[in-house]
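Chain by chain, the residues:
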There are 2 protein chains.
Amino acid sequence: MSIHVHGYANHSATDKLVPFTFERRDPRGQDVVIDIKYCGVCHSDIHFARNEWGWTTYPFVPGHEIIGRVKSVGNKVSKFKAGDLVGVGCMVDSCRHCASCEEGLEQYCENGFTGTYGGDDKIGGTQYPKTFGGYSNIITADEHFVLRVPENLDPAGAAPLLCAGITTYSPLNHWKVSAGQKVGIIGLGGLGHMGVKFAHAMGAHVVMITTSPEKGADAKKLGANEVLISKDAKAMEAAQNKFDFLLNTIPVGHDVDPYMLLLKRDAVMVVVGSVEPLKKVDGINFIFKRRSMAGSLIGGIPETQEMLDFCGKHDITCEIEKIAIKDINTAYDRTVKGDVKYRFVIDMASLKTYTNRKE
Amino acid sequence: MSIHVHGYANHSATDKLVPFTFERRDPRGQDVVIDIKYCGVCHSDIHFARNEWGWTTYPFVPGHEIIGRVKSVGNKVSKFKAGDLVGVGCMVDSCRHCASCEEGLEQYCENGFTGTYGGDDKIGGTQYPKTFGGYSNIITADEHFVLRVPENLDPAGAAPLLCAGITTYSPLNHWKVSAGQKVGIIGLGGLGHMGVKFAHAMGAHVVMITTSPEKGADAKKLGANEVLISKDAKAMEAAQNKFDFLLNTIPVGHDVDPYMLLLKRDAVMVVVGSVEPLKKVDGINFIFKRRSMAGSLIGGIPETQEMLDFCGKHDITCEIEKIAIKDINTAYDRTVKGDVKYRFVIDMASLKTYTNRKE
């Protein structure tokens, strides 16, 4: 028996999100059915809903920063039981047998992971070819893609950990950021503010690199030790060759050269935000200090669990503004304007009131 | 007593190189005096002679791929004796006490290494503020910056090892290229042809990546296992995600995106050739496979010695065309046109005949 679900969807790139009911598959033995409590609003949700990457099909239900409680489990599920606090992030499926999947790096699945929304649903069992995300009251997922969320964390603040959290934790962890290192976080938004918190918790000397003194002041409250204003040419020059690691969260195409010069010999800048081409890049800055630029995509399932456990231990959640789902379209407009500190999270308790379409 | 030296210099950016006599410093206790037998012609010599980087002062004596025999040694020299076959590369001095120097990475000296030509001569002892290179019959250098050259190598073919050789060996070595890996060498010139030889000797499966089928055929003679024509969009697409390492020797600004896509997850492309800005770079190619782009500059003194020993063991030298020094200006024009396989080397025995200015 498939499961009736209430959610919000849009039906074309220019439509607003509106109430929408649909079905999720009849749970399999390895599936966990989750009552969604909160869902974060990621900028990717907006790109996708508005078809800014050109591959969206409609109806489209966004949401991949999902926190909820287990409602029921299949007879093959071993890791979870009803009532557990759990999360689902950007992935609900992958091939499970390629080299990347076998290393627990499902985000780099060589056959392509299935996105929590808008992905090709290879499991099937519904009338829809694409997956539907977490702007809804229930989700069904293979237990492999379900994460355990520490009970000491505020569940609303924990929701964006599933995307913004792991996207910043993974590169800091993979490139072994550690105590005593000087680490720059470039840009203070949904990603950057988590970068500051994680790098601080890892013991690094954290420098917020931003165009805005106001954002610098905010970053200090989140754990930054110093602020470097990127528009201040003298300060940028004085900071050259000083950084052990840079996490670049700028979400648009930009000139990376001034940032590359901040790196010490052999150090790396990891780009996680830019979905647009970077402007021309000066190879000389790479050559003269053997510097690197790398990219990083969310994180694998084992590392996402590690990140959540780290958050539980260090009491880290995201700074959020809670909204009712009826206000999602306003929240999208405010997100595009950068008018949010630092993530909107939908309180799914607000959903029932507004979902009243006939089924 | 300073040493009278015969060489070739130019006296302005638009002048040709002409015979020139000058003095080298009175050797110190740690100095080695070398009778130069051969000197390679590096494209950087031309950029410098023609002031294409804007910092050349004249008179200017190029040459940093130097092979010769020790003529005499100072009383503190322990590593060399008269008659030894030795080399001098791109550096003749560095601070010797910064973190990079202490790690044997003098090329990244935090106080700036002294280039073999056109560098600020901090040792002094001559009337010239800048160092003079190897287009000359004698050079004096601190024994730390003198390399031992295996006697089994052809000394003319060994000359370009001191720059083209170490520039390609160092990244292959630093990023641990090894047997069984699929390694792409992008571009077949002075650098690229050495990249092919080294990667082959290290046991890698070597793919020559070039616009030209003719260069591909040449690369196979040098040790490449396969050729990938970069203008063949279908072949490039079929080769995506297949490479463990890429060495990019293209000497001009270019679009790196098609090359980045060739890398496997977590693999790196190292840029050694481009002294011009790279065109816009698509961050997505970095993010989706956690790929990296890095740079690398020549190599440190210990690694340069290791490279020469590796060449001795594997009988590796450069493919060269020997010239008399009177033909250097023609050689420059041909180098700019890419009309050389793969490096001109000046036979310094040709120098005496043509150096007849009064001293």
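Fair warning: this is a prediction, and the values are worked out from it, not measured in the lab. (Residues numbered from 1 in each chain as written. Chains lettered and ligands numbered in written order. Predicted model: local features only at pLDDT ≥ 70, side-chain atom pairs only at ≥ 80, totals over all residues. Heavy atoms only, no water.)

1. Topic: helix α6 (residues 213–222) of chain A
At 3.6 residues per turn, the α-helix brings residues three or four places apart onto the same side. All names here are of chain A. All of the buried residues along α6 are Gly-216, Asp-218, Ala-219 and Leu-222. Down the axis, α6 shows its buried residues gathered within 165° of arc, on one side only. Exposed side of α6, more than 90 degrees from the buried face: Glu-214 and Lys-221 are the residues found there. Just downstream of α6 lies Gly-223, where phi reads positive at about 125°. (Buried < 20%, exposed > 50% of the residue type's maximum accessible area, 1.4 Å probe, protein only. Helix = DSSP H or I, 4+ residues; strand = E, 2+ residues; numbered from the N terminus. Arc of directions from axis to C-beta.)

2. Examining the interface of chain A and chain B
Contacts between the two partners involve 36 residues from chain A, matched on the other side by 36 residues from chain B. For the pair chain A and chain B, the summed buried area comes to about 3,000 Å², and 59% of that belongs to carbon and sulfur atoms. Ranking the residues of chain A by area buried against chain B places A:Arg265, A:Ile287 and A:Arg290 at the top, with a combined share of 25%. In this assembly, chain A and chain B are joined by 2 salt bridges. The closest approach of N and O atoms between B:Arg265 and A:Glu103, which form a salt bridge, is 3.0 Å. Counting across the chain A and chain B interface gives 11 residue pairs in polar contact (both at pLDDT 80 or more). (Contact = heavy atoms within 4.5 Å. Buried area = accessible area lost by both parts, 1.4 Å probe. Salt bridge = Lys/Arg side-chain N within 4 Å of Asp/Glu carboxyl O. Polar contact = N/O pair within 3.5 Å; in protein donor to acceptor, adjacent residues only side chain to side chain.)

3. Structural notes on the packing of aromatic side chains
Two numbers describe a pair of aromatic rings. These are the distance of the centres and the angle of the planes. Residues and elements named next belong to chain A. For the structure shown, the criterion picks out 32 aromatic pairs over all chains. Between the aromatic rings of Phe-20 and Tyr-128, the centroid separation amounts to 6.5 Å while the plane-to-plane angle is 65°, which identifies the pairing as edge-to-face. Within this pair, whereas Phe-20 is found in strand β2 (residues 18–24), its partner Tyr-128 is found in the loop between β7 (114–115) and β8 (138–142), the two being separated by 108 residues in sequence. Residue class for Tyr-128 comes out buried when judged on its relative accessible area of 16%. Joined through ring pairs, the aromatic side chains of Phe-48, Trp-53, Trp-55, Phe-60 and Tyr-117 make up one cluster. Geometry around Phe-243 places Lys-182 over its ring, the cationic atom sitting 5.4 Å from the centre. (Phe/Tyr/Trp six-rings, centres within 6.5 Å; stacked < 30°, edge-to-face > 60°. Lys NZ or Arg CZ within 6 Å of the ring centre and 35° of its normal.)

4. Notes on the domain arrangement of chain A
Residues and elements named next belong to chain A. Taken domain by domain, chain A comprises domain 1 (3–163 + 299–353) and domain 2 (167–295). Between domain 1 and domain 2, the C-alpha centre-to-centre distance is 28 Å. Counting the surface domain 1 buries against domain 2, the share from its top three residues, Glu-303, Phe-310 and Tyr-342, is 37%. Counting the contacts that link domain 1 with domain 2 gives 2 salt bridges. In this structure, the salt-bridge partner of Lys-341 is Asp-218, at a minimum N-O distance of 2.9 Å. Top contributing element to the side of domain 1 that touches domain 2 by residue count: helix α10 (residues 301–314), with 6 residues. Here the residues of the side of domain 1 that touches domain 2 sort into 9 nonpolar, 4 polar and 5 charged. (Domains from an automatic or database assignment. Nonpolar A, V, L, I, M, F, W, Y, C, P; charged D, E, K, R; others polar.)

5. Side note on the pairing of β2(A)
All names here are of chain A. With 5 of 7 residues buried, β2 is to be regarded as a mostly interior element. Sheet topology places strand β1 (residues 3–9) next to β2; 7 bridges connect them, and they run antiparallel. When the bridges of β2 are listed, His-4 appears paired with Glu-23. (Pairing = 2+ DSSP bridges.)

6. Topic: the relation of the copies chain A and chain B
Mapping chain A onto chain B calls for a rotation angle of 180° and an axial translation of 0.0 Å; the resulting RMSD is 0.0 Å. One copy is carried onto the other by what is essentially a two-fold rotation axis. Measuring from the rotation axis to each C-alpha of chain A, the shortest distance belongs to A:Lys280, at 2.0 Å. The overlap is high: 100% of the interface residues of chain A also sit at the interface in chain B, so the same surface is used on both sides. (Least-squares fit on C-alpha atoms with pLDDT ≥ 70 in both.)

7. Quick word on the environment of B:Val256
Residues and elements named next belong to chain B. Residue position: Val-256 is located in the loop between β13 (243–248) and α8 (257–260). Accessibility expressed as a relative area gives 0% for Val-256, which makes it buried. Along the backbone, Val-256 and Lys-231 are 25 residues apart, and their C-alpha atoms lie at a distance of 13 Å. Not counting residues up to four positions away in its chain, the partners in contact with Val-256 are Asn-248, Met-269, Leu-278, Val-281 and Met-293.

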